[in-house]
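Take a look at the letters that make up each chain.
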Amino acid sequence: MLKATLPTAPPPDARILTVTDADDQAILLLTRHPNGRLAEVHRPDGTLVGRILATGTTRHYSLTDDQDQVVATAVGELSLKHFQVTAPSGARIAHVSKTWAGPVKEWLTPSDHYKIEFTRDISEPARTLIVMMTIMLDLSLFGPM
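Quick summary incoming for the structure in this document.

Parameters at a glance
- Residues numbered from 1 in each chain as written.
- Predicted model: local features only at pLDDT ≥ 70, side-chain atom pairs only at ≥ 80, totals over all residues.
- Heavy atoms only, no water.
- Core = buried A, V, L, I, M, F, W, Y, C linked by side-chain atoms within 4.5 Å.
- Buried < 20%, exposed > 50% of the residue type's maximum accessible area, 1.4 Å probe, protein only.
- Helix = DSSP H or I, 4+ residues; strand = E, 2+ residues; numbered from the N terminus.
- 1 Å grid on protein atoms, 1.4 Å probe; cavity = no way out; pocket = protein on both sides within 12 Å on 5 of 7 lines; lining within 4 Å.
- Points joined across faces, edges and corners; volume = space filled by probe spheres on them.
- Nonpolar A, V, L, I, M, F, W, Y, C, P; charged D, E, K, R; others polar.
- Pairing = 2+ DSSP bridges.
- Axes fitted to C-alpha atoms, helices over the stretch in contact; angles between N-to-C directions.

Turning to the nonpolar core, a few remarks are in order. Val41, Ile52, Tyr61, Leu63, Val85, Ile130 and Met133 are the most contacted members of the largest nonpolar core, which has 29 residues in total. Secondary structure elements with two or more residues in this core: strand E2 (26-32), strand E3 (38-42), strand E4 (48-54), strand E5 (60-65), strand E6 (70-76), strand E7 (82-86), strand E8 (92-99) and helix H3 (126-142). For this core, the element with the most residues is H3, which contributes 8 residues.

The next subject is empty space enclosed by the protein. Scanning the model with the defined rule gives 1 cavity of 30 Å³ or more in all. Roughly 30 Å³ of volume is contained in the largest cavity. Lining the largest cavity are 10 residues, with Leu80, Lys81, Phe83, Tyr114 and Leu137 sitting closest to its centre. Counting only elements with at least two residues in the lining of the largest cavity, the list comes to E7, E8 and H3. Per-element tally for the lining of the largest cavity: the top contributor is E8, with 3 residues. Of the residues in the lining of the largest cavity, the class split is 6 nonpolar, 2 polar and 2 charged.

Moving on to the sheet that holds E6. With respect to topology, 9 strands assemble into an open sheet ordered E1-E2-E3-E4-E5-E6-E7-E8-E9, the strand pairing being antiparallel. Of all the strands in the sheet, the pair left with one neighbour each is strand E1 (15-20) and strand E9 (113-118). Within this sheet the neighbouring strands show an average axis-to-axis angle of 20°, counted without direction. Direction of pairing for E4 relative to E5: antiparallel, over a ladder of 5 bridges. Across the sheet, the residue bridging to Gly50 is Asp65, located in E5.

Bringing the pairing of E8 into the picture now. Taking burial as the measure, the 8 residues of E8 include 6 buried ones, the bulk of the element. Pairing of E7 with E8 involves 5 bridges; the strand directions are antiparallel. If you follow His82 over to E8, its bridge partner there is Ser97. Linkage of E7 to E8, two consecutive antiparallel strands, is achieved through a turn of 5 residues, within which Gly90 is found at a positive phi near 100°. Direction of pairing for E8 relative to E9: antiparallel, over a ladder of 6 bridges. By the bridge assignment, His95 is partnered in E9 with Glu117.

With that settled, the discussion passes to unusual backbone geometry. Look at the link from Glu124 to Pro125: it is a cis peptide, with omega at 5°. Mapping Pro125 onto the fold places it in the loop between E9 and H3. Phi is positive for Asp68, which is not a glycine, with a value near 60°. Within the secondary structure layout, Asp68 lies in the loop between E5 and E6. With phi around 60°, Leu80 is a residue other than glycine that occupies positive phi space.

Structure, rendered in structure tokens:
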């Protein structure tokens, strides 16, 4: 109850996804706010990595660090299956694609495939936020969370 009153606590109806390693240890927490337009990425100790914010439509995203400085922006095609990610300088730093998983996986499971192609070395937290943005896109656009 106290956690819900703290200013950094997520809203009571926020959705939280825990990303774990192979040993089932939490490595990141993705908190999607109820409006679906904002997600926060935290480390298990509660430290903020950054935020992913839908700006305008579900095709435009801003990725910010823990100081609210923009570290990348992503713009998707109309199909919402291909996103170009650029640095604040405008340089392309990554491409995210929702890819075909094959007939068995596509027809018999809710699983999706994504490919992230980094086009240059990217420092933290931009790299982590791009990967987490892919998870957020899948949950927001193509599946429940």
